[in-house]
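# Coordinates in review
Next come the chains, spelled out residue by residue.
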Amino acid sequence: MSEPSAGQDLGGPPPHSGLELSSALRSHLLDPAVWQEGLEKYARATNLAVALVDADGRLLGPCINPRPTWGLLRAQRPAGADPCPFCLMQSRPRSCIADALTTDGFHVTRDRTGLVHITVPLVLGQHALGALVAGQVFDQYPEQLVLDHVAVMFGLSPQQVWQLARLEQPVKRATLRVYADLLATLGHTFLQTRYDRLIEAHRLAEMTRLRDLLQQRTQELTEADRQKDEFLATLAHELRNPLAPIRNAVHILQGHIPAEPELHWGLDVIDRQLRQMTRLIDDLLDLSRITHDMLELRTERLDLTAVLQGAVEISRPLIEVGGQAFVVTLPPEPIALDADPIRLAQVLSNLLNNAAKYTERGGHIWLSAERHGYEAVVTVRDTGTGIPAELLPHIFEMFTQGERSWERPQSGLGIGLTLVKRIVELHGGTIMAQSDGPGQGSAFIVRLPVVHAPSPARPRASPEYEHTTLASSRGILVVDDERLSAASLGMLLRLEGHKIRTAHDGLEAMGVAEEFRPDVVLLDIGLPKLNGYEVAQRIRHQPWGQGMILIALTGWGQEADRRRSQEAGFDHHLVKPVDPSALLQLLASLP
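Residues numbered from 1 in each chain as written. Predicted model: local features only at pLDDT ≥ 70, side-chain atom pairs only at ≥ 80, totals over all residues. Heavy atoms only, no water.

## A short note on the overall build of the protein chain
The number of helices and strands found in the protein chain is 16 helices and 17 strands. When each of the 591 residues of the protein chain is scored for burial, the buried share is 46%. Considering only residue pairs separated by 6 or more positions, the protein chain has 67% of its internal contacts joining residues 24 or more positions apart. Accessible surface for the protein chain amounts to roughly 30,100 Å². Of this, 55% is attributable to carbon and sulfur atoms. (Helix = DSSP H or I, 4+ residues; strand = E, 2+ residues; numbered from the N terminus. Buried < 20%, exposed > 50% of the residue type's maximum accessible area, 1.4 Å probe, protein only. Contact = heavy atoms within 4.5 Å. Areas by Shrake-Rupley, 256 points an atom, 1.4 Å probe, with all protein chains shown as cover.)

Here it is in structure tokens:
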């Protein structure tokens, strides 16, 4: 007979009832080696035979603790018998395992031999995996006539079968139900625990894989970022090298061409475009420094008006070329800030340059500054192309640019406002953009913390520094592997009254320096044979080189480059293309 248990609950589906079970996971869940210890303990506690089977009734692993009568009859079971391994003489057309898996409850089955077994389904979610089968016992004292008939059918001696069966103690039906409940609890708990452990192991393995993948990707990104920085530095160096002789030539011509407006206009155009190219290169490197938190502010106590004037001086030529009306409103009283004057001027000139680029000829640009409580508020406003509403929240993100048009193509790299925002934030300030949309102009509002102490008056440059002509002649060695750069800078300095020698590699520089004994060496870093660092170190080791002024004049301008030049013995580090006026002022200031 087959008796489904009434309302037997195996604990319901696992937390994820819609789970998918791969064949590999099924195999791991029903690994007989994992189940064996628990089933052996069950067999010892109940004195029942027990086995693990798949959904088709095939044994998975051994039958544990087989009972004597069942074992004798099993050895002689006819071919094509019941798919359940415990059933010896099928009494129903349907397997007890199929019944158990269909009804999701345990079954107690007695076949025609009188032997009884329990079938407990193993179900996970909606997936029927297999079953636990236990028993091979009598639930009442066996009848000799029945067993004699069974023995004949199995080709055995009736006496042999009877003598073995009569020694087995029957297990009461109530006890079998207790054993069935115990087996159901064991099966469900073990299956769920096994599943949870496998999922946890899979999760941990996946986390490990993802962690390793993340670490690998992080290393790849770090390496890509390093290569990007190296590329930008190399690109800046290679771009600055050809700009240096152009700037030198422009400076020479500005002081020696006839007073013809057309010639001066042409030189002014070259000079402005040269400064614009230099600014773009500097922006690239500044962005790299800021994203790596390597940008250092050189703060000092200053008056905001001085910074505004410096920014206006930088941007006025571009505004004049653009033909916009420009109005500057300075604060009525000094506003003291603790700020980096160069970086702050960079912020304001960047905003003014953008206003000039995106405002039509005849438009208006306003620059104003005032104090609001504990903040200095600087506003750059224009009547230009404006900012679309969808772009406004992203205007300070890197590479953000409005839609280009053939009538007014937008220039730049899309990183200027990102730099502006980062520099303002490094000063403890904020910046916001406002616009009513395309064609409605825009406004950029910078807020900076003020200090209460009065700003000291900034000393004016001494009269001799306001002119580039030097009072005394110096011996200067110019070292650059770019012959045009060396020649143009040498000509510029020679026209200022200095004695000039040039060299084009490190070894030649050492020879000329020892022979010429210059007062100043303008030394490139990237040199053949000996690089500039090595040349500087060798000069410093010579008795005649102890007091020599060494100035690095190079396209390498990152903070690491400046530190390394200082460690090598350089007194100053200038980045190509250097402003000739700034170089001449530096030379004039040397002892």
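## As for helix H16 (residues 580-589)
Those residues of H16 lying buried are Pro580, Leu583, Leu584, Leu586 and Leu587. Buried residues along H16 cover an arc of 160° about the axis, so they all sit on one side. In this fold, the buried residues of H16 make contact with helix H7 (173-254), strand E13 (475-479), helix H12 (483-495), strand E15 (520-523), strand E16 (549-554) and strand E17 (572-575). Capping of H16 at its N-terminal end is provided by Asp579; its side-chain oxygen lies 3.1 Å from the backbone amide nitrogen of Ser581. (Arc of directions from axis to C-beta. Polar contact = N/O pair within 3.5 Å; in protein donor to acceptor, adjacent residues only side chain to side chain.)

## Brief notes about the nonpolar core
Ranked by size, the top nonpolar core spans 39 residues in total, and within it Leu304, Leu337, Leu351, Leu352, Leu367, Val378 and Phe444 carry the most contacts. The set of elements that each furnish at least two residues to this core consists of helix H9 (304-322), strand E8 (336-339), helix H10 (341-357), strand E9 (364-372), strand E10 (375-382), helix H11 (416-426), strand E11 (430-434) and strand E12 (442-449). Residue contributions to this core peak at eight residues, all from H10. With sequence-adjacent residues up to four places away left out, Val378 is seen in contact with Leu304, Leu308, Leu348, Leu367, Ser368, Ala369, Phe444, Ile445 and Val446. (Core = buried A, V, L, I, M, F, W, Y, C linked by side-chain atoms within 4.5 Å.)

## Focus: helix H6 (residues 158-165)
Residues three or four positions apart in an α-helix share a direction because the helix packs 3.6 residues into each turn. For H6, the set of buried residues is Val161, Trp162 and Ala165. Buried residues of H6, viewed axially, fall in a sector of 95°; they line one side. The secondary structure elements touched by the buried residues of H6 are helix H3 (68-74), strand E5 (127-138) and helix H5 (144-153).

## Remarks on the sheet that holds E16
Here we have five strands laid out as an open sheet, ordered E14-E13-E15-E16-E17, and parallel in their pairing. Lying at the two open borders of the sheet, with one neighbouring strand each, are strand E14 (499-503) and E17. Geometrically, the sheet is characterised by an average inter-axis angle of 20° between neighbouring strands, direction not taken into account. Of the strand pairs in this sheet, E16 and E17 are connected by four bridges, and their pairing is parallel. From the neighbouring strand, Thr554 faces E17, where its bridge partner is Val575. Helix-sheet contacts for H16 involve E13, E15, E16 and E17, and the interaxial angle to E17 is about 170°. (Pairing = 2+ DSSP bridges. Axes fitted to C-alpha atoms, helices over the stretch in contact; angles between N-to-C directions.)

## Points about the packing of helix H14 (residues 532-540) against helix H15 (residues 559-568)
Where H14 meets H15, the axes come as close as 8 Å, and the angle between the chain directions of the two elements is 25°. Judged by the inter-axis angle, H14 sits roughly parallel to H15. Contacts between H14 and H15 involve Tyr533, Ala536, Gln537 and Arg540 on the former and, on the latter, Asp561, Arg564, Ser565 and Ala568. Across the contact of H14 with H15, the residue classes break down as three nonpolar, two polar and three charged. (Parallel < 35°, antiparallel > 145°, perpendicular 65-115°, else oblique. Nonpolar A, V, L, I, M, F, W, Y, C, P; charged D, E, K, R; others polar.)

## A closer look at the pairing of E16
With respect to burial, E16 is a largely interior element, six of its six residues being buried. Every second residue of E16 is oriented toward a common face, with Ile549, Ile551 and Leu553 on one face and Leu550, Ala552 and Thr554 on the other, all of them buried. For E15 and E16, the ladder comprises four bridges, and the chain directions are parallel. Within E16, the residue paired with Val520 across the bridge is Ile549.

## Thoughts on the packing of aromatic side chains
For the structure shown, the criterion picks out three aromatic pairs. Plain terms: the ring middles of Trp35 and Phe190 are 4.5 Å apart, the flat faces sit at 50° to each other, and that makes the pair tilted. Note that Trp35 is positioned in helix H2 (residues 32-46) and Phe190 in helix H7, a separation of 155 residues in sequence. A relative accessible area of 23% places Phe190 in the partly exposed class. Pairing Trp70 with Phe86 gives two aromatic rings, centres 5.6 Å apart and planes at 55°, and the pair type is tilted. Separated by 16 residues along the polypeptide, Trp70 in helix H3 and Phe86 in the loop between H3 and helix H4 (96-103) bring together distant segments of the chain. Looking at Arg381, its charged tip hangs above the ring of Trp366, at a distance of 4.2 Å from the centre. Note that Arg501 overlies the ring of Phe516, its terminal NZ or CZ placed 5.5 Å from the centroid. (Phe/Tyr/Trp six-rings, centres within 6.5 Å; stacked < 30°, edge-to-face > 60°. Lys NZ or Arg CZ within 6 Å of the ring centre and 35° of its normal.)

## Quick look at unusual backbone geometry
Pro577 follows Lys576 through a cis peptide bond whose omega is -10°. Topologically, Pro577 is positioned in the loop between E17 and H16. A positive phi angle, near 60°, is found at Asn47, a position not held by glycine. Residue Gln136 is not a glycine yet carries a positive backbone phi of 65°. Note on placement: Gln136 falls in strand E5.

## As for the sheet that holds E10
Taken in spatial order, the five strands line up as E7-E9-E10-E12-E11 in an open sheet, and their pairing is mixed. Across the chains shown, the open sheet's two edge strands, defined by having one partner strand only, are strand E7 (325-329) and E11. Geometrically, the sheet is characterised by an average inter-axis angle of 10° between neighbouring strands, direction not taken into account. Both E7 and E9 contribute to a ladder of five bridges, which runs parallel.

## Here we look at the side chain of Thr69
Tracing the chain through its elements places Thr69 in helix H3. By relative accessible area, which is 1% here, Thr69 ends up buried. The residues contacting Thr69, other than those within four sequence positions of it, are Phe138, Leu164, Ala165 and Glu168.

## Looking at the packing of H7 against H12
Put simply, H7 and H12 touch, their axes get as near as 8 Å, and they point 25° apart. When the interaxial angle is binned, H7 and H12 end up roughly parallel. Crossing of H7 over H12 shows left-handed handedness. Contacts between H7 and H12 involve Asn241, Ala244, Pro245, Asn248, His251 and Ile252 from the former and Leu484, Ser485, Ser488, Leu489, Met491, Leu492 and Leu495 from the latter. (Left-handed = near helix turned anticlockwise from the far one by under 90°.)

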